[in-house]
Amino acid sequence: MLGRTPPHPSIDACSLILSQLPAVLRPGAPMASLSRALRVAAARPRQSPTRGLGPCNLSSASGPTAEKSVPYQRTLKEGQGTSVVAQGPSRPLPSTANVVVIGGGSLGCQTLYHLAKLGMSGAVLLERERLTSGTTWHTAGLLWQLRPSDVEVELLAHTRRVVSRELEEETGLHTGWIQNGGLFIASNRQRLDEYKRLMSLGKAYGVESHVLSPAETKTLYPLMNVDDLYGTLYVPHDGTMDPAGTCSTLARAASARGAQVIENCPVTGIRVWTDDFGVRRVAGVETQHGSIQTPCVVNCAGVWASAVGRMAGVKVPLVAMHHAYVVTERIEGIQNMPNVRDHDASVYLRLQGDALSVGGYEANPIFWEEVSDKFAFGLFDLDWEVFTQHIEGAINRIPVLEKTGIKSTVCGPGETHMQVTDHSPWVGDLTGSMEWLGGHSLRTQTGGQDRGQPSLALEESFTPDHKPLMGEAPEVRGFFLGCGFNSAGMMLGGGCGQELAHWIIHGRPEKDMHGYDIRRFHHSLTDHPRWIRERSHESYAKNYSVVFPHDEPLAGRNMRRDPLHEELLGQGCVFQERHGWERPGWFHPQGPAPVLEYDYYGAYGSRAHEDYAYRRLLADEYTFDFPPHHDTIKKECLACRGAAAVFDMSYFGKFYLVGLDARKAADWLFSADVSRPPGSTVYTCMLNRRGGTESDLTVSRLAPSHQASPLAPAFEGDGYYLAVGGAVAQHNWSHITTVLQDQKFRCRLIDNSEDLGMVSIQGPASRAILQEVLDADLSNEAFPFSTHKLLRAAGHLVRAIRLSFVGELGWELHIPKASCVPVYRAVMAAGAKHGLVNAGYRAIDSLSTEKGYRHWHADLRPDDSPLEAGLAFTCKLKSPVPFLGREALEQQRAAGLRRRLVCFTVEDKVPMFGLEAIWRNGQVVGHVRRADFGFAIDKTIAYGYIHDPSGGPVSRDFVKSGDYALERMGVTYGAQAHLKSPFDPDNKRVKGTY
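Peer 1: Is there a simple way to explain the sheet that holds strand 29 (residues 581-587) in this structure?
Peer 2: A sheet is described by the order of its strands in space; here three strands give the open sequence 27-29-28, paired in mixed fashion. The open sheet has two edge strands with one neighbour each: strand 27 (560-561) and strand 28 (573-578). For strand 28 and strand 29, the ladder comprises six bridges, and the chain directions are antiparallel. The residue of strand 29 that forms the bridge with Gln576 is Arg583. Helix 18 (residues 841-851) contacts strand 28 and strand 29 of the sheet and is inclined by roughly 70° relative to strand 29.

As C-alpha cells, this is what we get:
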C-alpha cells in the first residue's frame, strides 16, 4: 500500500517481460497465454527481494542485452557491420546556429518544429543515432485529455491539435493519430470522485467526457468485467499517436521551414564562456564530427539529459528506470475499443490493432544505474517478478486475456513503448523490408509465430515530483531543458514544445510553466542523490494513486529544517514539505508525529515502518471530504481571529538587494513604488515582459550601513530586504538574477534564507503580547502598518515588520538563527494569558482565502496580470517610472480586461479544492483556481478567473450581473460573487480597529 491508494502502475511502458519467461512462454511459442505465464512465474523460485535493488544500490542486475530481438536489423549495426556513427552525420554540420536542440525524440522534434513555426531561423537538431532511437520509439503514444491540472489540460489540447490535424494539413502526411477514445476505471468511490472532478474541469475547456455506470461501461466495452466497478470516465476524443510517424512528420515540417535535422551525430561537449559580469553563457556545441557555434542549446536528451547537463556544468535531477509491457495475440471483438487505464489495478490496456498492449507502474521499479551512451533501440532482460502484478489486474479487467497468447514483450529503461501497426507511417510488409518516411530502410527481426508487431525496448527518465524539467538552467544562460517527462513525453510534447519555443524566443512561455520550470527546485536539492532517488521512486510508484488535494510526500524529507523544527515537533506539529523545507502544516493535539526515514513502502527488502504516526495522519487526508482534523484547523483559525496565533514562517526566502544600482534595479523589478524612506515596507509584484506575475513579495527599504550585522549586510548605495514565499524562493532568486544580468545593474543579491528565522504573531491580542516582548512602542502612531524596525525581543536583536497575511493586526519577527528558540519561547510565555496558540499553514491558507489575499501560483501566476487579479494597487502606473511589464499592463488596461479573478462563496457546507467549473447564467465561464473553507464566515470560499463567452471585456458590472454556480464532481451549488473580500472588506482589523 502506498499511503493514498495502492500504487497503481500504469501501462504506457511494458518493456520488461518475456526475456525471463521460460521458453514455452516466449513470443511465438504455442499456448503462451497470460494466465499460464502467471502460473509459471508464481512457481519459479523467488529471487532475493533486494536483488540489486536495495536503497543503497537500486540497480538492475543485468545490463542491456545486445542481441535481443529488436525491431530493426539496422540500428546500431548497418548491413555490413559498419557502425552508424562511423558513417558520419546525415548531413554536413553548419558552423553556426541560433539554436541547437540535442535529442531527436518527441520533445526535440516538437521543439524544433515550434521554433521554426514561430520564425526562428538557424535552428538545428542533433541526434546521436536516428530519430526516436532513445525513449520515444517504444512509447505507447497514448493521449488522455484530462489530468488534474488546468495547465496540463491546455498542453494536452495543443498536442492533440498538432498530431490530429495541423501536421497533416501542413505536410499532407498522416501522423498515425487514432481517435478511439479513453476509458478510466473506478473500483471505489474515491476514484470515481476524482474522475468526476476531471469531468467538471473538462467542461471549462470544452473536453467532452461522460461518467458511465457499470452497465453503460459494459455496453461500450463488452469484453470488460464490470462486476467490481463503481463506474468509469469515458472521454470519446482521446486517442493514440504513432511516435515514429509523429516525429518524422515534425522533422519534415520543421525542415520545410528552414530547420535542419542531423542524425548520427553524437554531442561530446558544450562550450561555455564567462562574460564581463561573471555570467556563464553557452558558446557552442562539440560533436564527433565538428563544432557549431551557438548561444542557445536545448537539452532534450531524455535519460541522457543528465550527461548532457554535466557537459555544461548544469545539474539535471532525474533518474532512469526500466519499464515493461506485453502485446497479446489477436483478440476477437477488441477492435475499435477505447484505451483503458485501470488505476486501481495498476494497469493500462492500449488498443494495438486487434490486440492489446498491457503494462503498468509498480512499487519496486528497477533503476537503471549506469546509463550507457551506446544504448539505442535496445532491450533489457525482463524481471518477471516485478511485472506479474500487472497481469493479475489485466486478466481481472479483461477476462478473455486469461486464454490469450502473448505475442511479444518489451523491457527497457523506462515506461514507454511502440509497436508497428497498420496505422504507423511505414510502407510495406511488416515481416519484411520497410521504408521509413524519413528515408531509412529497416527490417524487422520477427520469426515463427511472432509476426506483424515486433518487440521493442526503451529507456525513460523520472523526476522527483513527476513533472518535466523545462526552462533556462540557473547555472548557464542559454542552456535550456526539455527533458524528464516521466513517460508522458509524447502526450505533453506538443504543448511543451510550443511553450519551450516561446521561452527561447520571447524570454518566457505563454502559459504558466512554473510547475515544470527547473528553477522550482532549490539548488541544494538538484544534485542531492538521496533526495532525487527517493522522490523519483515515490513519484513513480504513486503515479496511478488518487491525487488528493492535501497529500504530502514521504520520500526525501527532512532536507531543510528551520531553527524551530524540534521545538514545534514536540508540540504536535504535523509538517508539510515545500522546496525541501519542513514547514508547519497543523498541530495535532495528541503529540509528536515525526517524519521518519523513507522506507520505500517496503520495496527492495526494506522494512516498512510500523505504527507510523505521521503516515496515519496523512492517510486521513486521503479524501475529497473534510478530513477528520478539519475541526483542529478550525480551532487554529478562530483562535487567530479571536485572540492570537503564532506562525513559524522561517522557511520564507530572505534576500538582500544592495549596491550602487539597487534603486534602479528595484524600480525596474518591482511593480509598486518601493523607493520610499528607510523603514518602509511595501507589498509588490514582480512581472515579466507580458505583464504576467512572476512573484508577489514584501520589500523593506534599508538605511545604508558600513557595518554588517546578522540582520543586514554592509553596503553602499541603496538596500532592500525581500521576503518571498519559501516554496518559490528559488524561482524568485532566478528571476531577479536574470533581470539583473540582462539589465547589467551593479548590485548584489544576497541569500540569507538559512541564516534567519521568522515568526508571525497575528490577531487582536498580538499588540498586547508583543508589547511585553519588544522594547518599543507598538501603537498605531509609533509603529504604523507597512513599516519595520530593528528592535530587541527578550534581549535579542530582531527585525519587526508590521504586516499581515491573514487579515489581522500583527507583526512578523525576522530573527537570527541562534535567537529563534529563545524569542519564540518568550512570545509563547507572554501569550499564555492572552490565548495565543500555535497555528500552521493550513490555517494560513484558510484565513488568507477568507480575507482575499492572493496566493502566488494558485490564483496568481505568470500568465495572470495584477490587473486581472485585482492587484492594480501594486502597480505604479500613475508614476512615470518604467518597470518590467508596464507596457503590457497599459495595453491590457486600454483594451479592457478579458478575464477577471472573482471571489465566490457557497452557503452549502461542501468542501472545494480547486478545478470546479464556474457557471454564469447557464454557461461555463471558467474554473476555480483555489478554494478553502472560511471558518469565521462559516462558508466555502473559492477564487477563479471568469471570461465573457461572447469575447468581450469582463467589467465589474458583468461580474455583478451574473447568476453563478460552482460545479463540484458533477453537482452544481449556487454561489455568490464578490468583488471585495467577504471578510472585513474595509480592512479595519489590520489597522487594529476591532
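Anyway, onward from the coordinates.
Peer 1: Any chance you could explain the pattern of salt bridges here in plain terms?
Peer 2: Side chains that carry opposite charge are capable of pairing whenever their charged atoms lie near each other. This structure, assessed with the given rule, holds 54 salt bridges. The salt bridge involving Arg701 is made with Asp718; its shortest N-O contact spans 2.7 Å. Note that Arg701 is positioned in strand 33 (residues 693-702) and Asp718 in strand 34 (residues 718-724), a separation of 17 residues in sequence. Overall, the relative accessible area of 10% leaves Arg701 in the buried class.

Peer 1: Even after reading the chapter, I still don't get the sheet that holds strand 32 (residues 681-687), so can you show me in this structure?
Peer 2: Strand pairing in a sheet is mediated by backbone hydrogen bonds. Such pairs are either parallel or antiparallel. Read across the sheet, five strands follow the order 32-33-34-31-35 without closing on themselves; strand pairing throughout is antiparallel. The open sheet is flanked by strand 32 and strand 35 (748-751), the only strands paired with a single partner. Averaged over all neighbouring strand pairs, the angle between strand axes comes to 30°, with direction disregarded. In terms of strand pairing, strand 33 meets strand 34 through five bridges, oriented antiparallel. Note on strand 34: the bridge partner recorded for Val699 is Leu722. Along the sheet, helix 14 (residues 662-669) makes contact with strand 31 (653-659), strand 32 and strand 34, crossing strand 31 at roughly 130°.

Peer 1: Where do I start with the packing of helix 3 (residues 150-171) against helix 6 (residues 243-256) in this structure?
Peer 2: A pair of packed helices is characterised by two quantities: the angle between their axes and the separation of those axes. Contact pair helix 3 / helix 6: the axes reach a minimum separation of 10 Å and the direction vectors enclose 40°. Looking at the two axes, helix 3 sits oblique to helix 6. In the crossing of helix 3 with helix 6, the sense of the turn from one axis to the other is left-handed. Of the residues in helix 6, those touching helix 3 at Val162, Val163, Leu167, Glu170 and Thr171 are Thr246, Thr249, Leu250 and Ala253.

Peer 1: Help me understand helix 9 (residues 489-506), please; the structure alone is not making it clear to me.
Peer 2: The principal kink in helix 9, of about 35°, is found at Gly495. Within two residues after helix 9, Gly507 carries a phi angle of roughly 90°, on the positive side.

Peer 1: Help me understand unusual backbone geometry, please; the structure alone is not making it clear to me.
Peer 2: Among all residues save glycine, negative phi is the norm, and among peptide bonds the norm is trans. Although it is not a glycine, Asn264 adopts a positive phi angle of roughly 55°. Summarising the element assignment, Asn264 is placed in the loop between strand 10 (260-262) and strand 11 (267-274). Its identity is not glycine, yet Asp611 carries a phi of approximately 50°, on the positive side. Following the sequence through the fold, Asp611 ends up in the loop between strand 29 and helix 12 (613-619). The class for Asp611 is exposed, based on a relative accessible area of 68%.

Peer 1: What exactly am I supposed to notice about the packing of helix 2 (residues 106-117) against helix 6 here?
Peer 2: Between helix 2 and helix 6, whose axes approach to 9 Å, the crossing angle comes to 25°. Relative to helix 6, helix 2 is oriented roughly parallel. Considering how the two elements wind past one another, helix 2 and helix 6 form a crossing that is left-handed. Between helix 2 and helix 6, the residues in contact are Ser106, Cys109, Gln110, Leu112, Tyr113 and Ala116 and Thr246, Cys247, Leu250, Ala253 and Ala254, respectively. The residue inventory of the contact of helix 2 with helix 6, partitioned by class, reads eight nonpolar, three polar and no charged.

Peer 1: Even after reading the chapter, I still don't get the environment of Asp859, so can you show me in this structure?
Peer 2: On the secondary structure map, Asp859 appears in the loop between helix 18 and helix 19 (886-895). Taking the C-alpha atoms as reference points, Asp859 and Ala942, 83 residues apart in sequence, are found 9.9 Å from one another. In contact with Asp859, other than residues within four places in its own chain, are Arg854, Asp864, Leu901, Arg929, Arg930, Tyr943 and Tyr945.

Peer 1: Help me understand the confidence of the model for the chain, please; the structure alone is not making it clear to me.
Peer 2: Considering every residue of the chain, the mean pLDDT works out to 86; 83% of them sit at 70 or more. The low-confidence segment residues 44-86 (pLDDT under 50) makes 103 contacts with residues lying over four places distant or belonging to another chain. For the stretch residues 376-380, pLDDT sits under 50, and the model shows 37 contacts to residues farther than four places along the chain or on other chains.

Peer 1: Sorry, what's going on with the packing of aromatic side chains here?
Peer 2: All told, the structure shown has 22 aromatic pairs when counted by the stated rule. On the numbers, 5.6 Å between centres and 70° between planes, the contact of Tyr600 with Tyr604 is edge-to-face. Of the residues examined, Tyr600 reaches a relative accessible area of 3% and is grouped as buried. By relative accessible area, which is 3% here, Tyr604 ends up buried. One aromatic cluster is present, formed by Tyr361, Phe462, Tyr540 and Tyr544 through successive ring pairs. Taking NZ or CZ as reference, Arg583 lies 3.9 Å from the ring centre of Tyr841, over its face. The aromatic ring of Tyr721 is capped on one face by Arg799, whose charged end is 5.5 Å from the ring centroid.

Peer 1: Help me understand the state of the cysteines, please; the structure alone is not making it clear to me.
Peer 2: Put plainly, a disulfide is one covalent bond tying together the sulfur atoms of two cysteines. Taken as a whole and assessed by the stated rule, the structure comprises zero disulfides. We note that Cys247 lacks a disulfide partner, and the nearest cysteine sulfur, in Cys109, lies 4.2 Å from it.

Peer 1: Teacher, can you tell me more about the environment of Ile518 here?
Peer 2: Relative to the assigned elements, Ile518 resides in the loop between helix 9 and helix 10 (529-541). Sequence-wise, Ile518 and Val316 are 202 residues apart; in three dimensions their C-alpha atoms are separated by 8.3 Å. Not counting the four nearest positions on each side in its chain, Ile518 is found in contact with Pro317, Leu469, Met470, Gly471, Glu472, Ala473, Pro474 and Leu481.

Peer 1: What exactly am I supposed to notice about the nonpolar core here?
Peer 2: Soluble, globular proteins show a tendency: their nonpolar side chains are buried together. Leu126, Val298, Phe479, Leu492, Cys496, Ile504 and Phe647 are the most contacted members of the largest nonpolar core, which totals 142 residues. Tallying contributions element by element places helix 9 first for this core, with eight residues. Ala644, Phe783, Ala800 and Ala830 belong to the second-largest nonpolar core, a separate cluster that totals 33 residues.

Peer 1: Can you help me understand the side chain of His588 in this one?
Peer 2: Looking at the secondary structure, you find His588 in the loop between strand 29 and helix 12. Residues within four places of His588 in sequence aside, it is in contact with Gln571, Gly572, Val574 and Leu617.

Thresholds applied
Throughout this description, residue numbers start from 1 for each chain and increase along the sequence as written. The predicted origin of the model limits local features to residues at a pLDDT of at least 70 and limits the giving and counting of side-chain atom pairs to 80 or more, whereas totals for whole chains, interfaces and linings rest on all residues. Values shown for side chains rest on all heavy atoms present in the structure; no hydrogens or waters enter the calculation. We call two strands paired when DSSP finds no fewer than two bridges between them. The numbering of helices and of strands both runs from the N terminus, where a helix is a DSSP run of H or I of at least 4 residues and a strand a run of E of at least 2. The contact criterion used is simple: two residues touch if any of their non-hydrogen atoms lie within 4.5 Å. Inter-axis angles, ranging from 0 to 180 degrees, are taken between N-to-C directions of lines fitted to C-alpha atoms, where helices are fitted over the stretch in contact. A carboxyl oxygen of Asp or Glu within 4 Å of a side-chain nitrogen of Lys or Arg is what we treat as a salt bridge. Burial status follows relative accessibility: with a 1.4 Å probe on protein chains alone, a residue under 20% of its type maximum counts as buried, one over 50% as exposed, and anything between as partly exposed. Any angle between 65 and 115 degrees counts as roughly perpendicular, while under 35 counts as roughly parallel, over 145 as roughly antiparallel, and the rest as oblique. Definitions for this section: a left-handed crossing has its near helix turned counterclockwise from the far helix by less than a right angle. A right-handed crossing has that turn clockwise. In this scheme, the bend at a residue equals the angle between the axes fitted to the seven residues that finish there and the seven that begin there. Think of it as three bins: nonpolar holds Ala, Val, Leu, Ile, Met, Phe, Trp, Tyr, Cys and Pro, charged holds Asp, Glu, Lys and Arg, and polar takes everything else, Gly as well. You can read pLDDT as the predictor saying how much it trusts each residue, on a scale of 0 to 100. Classification of ring pairs uses Phe, Tyr and Trp, with its six-membered ring standing for Trp, and accepts pairs whose centres are within 6.5 Å; under 30 degrees between planes counts as stacked, over 60 as edge-to-face, and the remaining range as tilted. Any Lys NZ or Arg CZ that is within 6 Å of a ring centre and within 35 degrees of that ring's normal is treated as a charge sitting over the ring. Throughout, disulfides are identified as pairs of cysteine sulfur atoms within 2.5 Å of each other. What makes a nonpolar core is a set of buried Ala, Val, Leu, Ile, Met, Phe, Trp, Tyr and Cys residues whose side-chain atoms join them at distances within 4.5 Å.

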